[in-house]
Amino acid sequence: MPHTLAHATPLSRDALQRRIESASGPVQPYACDYPAGWDTGRHHHLRHQLVFATQGVMTVATPAGWWVVPPQLAVWIPARLEHALLMHRPVKLRTLYLDERLGPSAQPRVVNVSPLLRELILRLMELPAEATAHGAGARLVAVLLDELHAGPTVPLHLPEPDDPALRRICTALRDNPANRDDLTTWGSRVGASSRTLARRFLVQTGMGFAAWRQQARLLAALPMLAEGRSVTVVSQEVGYESPSAFIAAFRRSLGTSPGRYFNKPLASSDS
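Residues numbered from 1 in each chain as written. Predicted model: local features only at pLDDT ≥ 70, side-chain atom pairs only at ≥ 80, totals over all residues. Heavy atoms only, no water.

**A word on the overall build of the chain**
Of regular secondary structure, the chain possesses 10 helices and nine strands. Against the compact-globule benchmark of 18 Å for 271 residues, the chain has a radius of gyration of 19 Å, which places it among compact chains. Taken over the C-alpha atoms alone, the chain extends approximately 60 × 35 × 35 Å along its principal axes. Expressed as a percentage of the 271 residues in the chain, the buried residues total 48%. Summarising the internal contacts of the chain: among those between residues at least 6 apart in sequence, 73% fall at separations of at least 24. Carbon together with sulfur atoms contributes 52% to the accessible area of the chain, which is approximately 12300 Å² in total. In the chain, which carries 29 positive and 22 negative side-chain charges, the distance between the mean positions of the two groups comes to 4 Å. (Helix = DSSP H or I, 4+ residues; strand = E, 2+ residues; numbered from the N terminus. Rg over C-alpha atoms; globule rule 2.2 N^0.38 Å. Buried < 20%, exposed > 50% of the residue type's maximum accessible area, 1.4 Å probe, protein only. Contact = heavy atoms within 4.5 Å. Areas by Shrake-Rupley, 256 points an atom, 1.4 Å probe, with all protein chains shown as cover. Lys, Arg positive; Asp, Glu negative; His and termini not counted. Charge placed at Lys NZ, Arg CZ, Asp CG, Glu CD.)

Structure, rendered in structure tokens:
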């Protein structure tokens, strides 16, 4: 099957693992179109993975946190890290599995997909793994790694705490981002003082409770916006008092308004 074509249906986990582990070159491409709602379940690979989609929005979940991935972004997942992908709408996944000796980071991160990075990913999708070991293919891999090194990390990470009480709160807020209960109210539910919870939030996530909840709301909003829902509707769904407050928070995090963010020009190919 030509490498430019996606699998009509996702490979089984075992079949995909065999394909990745048997790759005869440093980069193994994998293309597949997933339906909305598809959940890969928790798994890991012996290679690094660059998760990218030309269409659709995904959530990447790991024990350490959550990332939301619209087509403007990609997520670097280090080898051996347990993770799951959830497709919020139909997704054209174009992902690269890289030899464990390659890679810019031992930690997962979100990177902006520049036009150059996008074309590098799509060009490598067309090559068999063995072609990335030498010649032009190897040079493409080197430029890809340079772009990943140079690209800024995008602040779309939602850290996950270890504390059971905090996990209970975080799960509830991810399920209902419009919830406005304060830490005193949560404390009465989980059996801890608001001061204790505030201290644990900062230690375990590196964020205060209010900042964590705002980040959870932003990540919940991205799939809705990508589906074309209005800013007014989305701002209400994720708990903002007004669309202007939501737009201001979005702009502080991502440097632009929701409308401009989802209208960024990308390369015309949708391979």
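**Here's the deal with the pairing of strand E2 (residues 48-55)**
The buried fraction of E2 amounts to seven of the eight residues, a majority that puts the element mostly inside the structure. Bridge count for E2 against strand E7 (residues 91-98) is five bridges, and the pairing is antiparallel. Each residue of the ladder has a partner; that of Gln-49, found in E7, is Tyr-97. As paired elements, E2 and strand E5 (residues 73-77) share four bridges and run antiparallel to each other. Bridge assignment links Leu-50 to a residue of E5, and that residue is Trp-76. (Pairing = 2+ DSSP bridges.)

**Quick word on helix H6 (residues 194-205)**
With 12 residues, H6 should reach 16 Å at 1.5 Å per residue; the first-to-last C-alpha distance of 16 Å fits that figure. Where H6 is concerned, the buried positions are Thr-196, Leu-197, Phe-201 and Thr-205. One side of H6 holds all its buried residues, which, seen down the axis, span an arc of 135°. Opposite the packed face of H6, turned more than 90 degrees from it, sit the exposed residues Arg-195, Arg-199, Leu-202 and Val-203. Looking at the buried side of H6, the elements it contacts are strand E9 (157-159), helix H4 (164-175), helix H5 (183-190) and helix H7 (209-226). Within two residues after H6, Gly-206 carries a phi angle of roughly 75°, on the positive side. (Expected span 1.5 Å × (residues − 1). Arc of directions from axis to C-beta.)

**Side note on the environment of Arg-109**
Along the chain, Arg-109 falls in strand E8 (residues 109-112). A residue is classified by how much of its surface remains accessible, and Arg-109, at 12% relative accessible area, is buried. Spatially, the C-alpha atom of Arg-109 lies 5.6 Å from that of Val-75, the residues being 34 residues apart in sequence. Setting aside its immediate chain neighbours within four residues, Arg-109 contacts Trp-67, Ala-74, Val-75, Trp-76, Leu-148, Gly-151, Pro-152 and Thr-153.

**A short note on the nonpolar core**
Counting residues in hydrophobic clusters, the biggest one holds 55 residues, and the most contacted among them are Leu-156 and Ile-169. With 10 residues, the single largest contributor to this core is H7. Apart from residues lying up to four places away in sequence, Ile-169 is in contact with Trp-186, Val-190, Leu-197, Phe-201 and Phe-209. Membership of the second largest hydrophobic core comes to 20 residues, among which are Leu-50, Val-113, Leu-120 and Ile-121. (Core = buried A, V, L, I, M, F, W, Y, C linked by side-chain atoms within 4.5 Å.)

**Details of the pairing of E5**
Burial runs high along E5: five of the five residues are buried. Neither face of E5 is left uncovered, since the one carrying Leu-73, Val-75 and Ile-77 and the one carrying Ala-74 and Trp-76 both have all their residues buried. As paired strands, E5 and E8 are joined by four bridges and run antiparallel to one another. Paired with Val-75 across the strands is Val-110, a residue of E8.

**Here's the deal with the sheet that holds strand E6 (residues 84-87)**
In space, the four strands of this open sheet follow the order E6-E3-E4-E9, with antiparallel pairing throughout. Looking at which strands have only one partner, the edges of the open sheet turn out to be E6 and E9. Direction aside, the axes of adjacent strands within the sheet are offset by 20° on average. Judged from the four bridges that link them, strand E3 (residues 58-62) and E6 form a sheet pairing that is antiparallel. Considered in E6, the bridge of Thr-59 is made with Leu-86. Sheet strands in contact with H7 are strand E4 (65-69) and E9, and its direction is about 135° off that of E9. (Axes fitted to C-alpha atoms, helices over the stretch in contact; angles between N-to-C directions.)

**Topic: the sheet that holds E5**
The strand order across the open sheet formed by five strands is E1-E7-E2-E5-E8, and the pairing between neighbours is antiparallel. Single-partner strands in this sheet number two, and they are strand E1 (27-34) and E8. When the angles between neighbouring strand axes are averaged without regard to direction, this sheet yields 25°. Strands in contact with helix H1 (residues 13-21) are E1 and E7; relative to E1, the strand with the most contacts, it is inclined by about 155°. Strands in contact with helix H2 (residues 115-125) are E1, E2, E7 and E8; relative to E7, the strand with the most contacts, it is inclined by about 80°.

As far as function goes, none of this settles anything; it's purely spatial.
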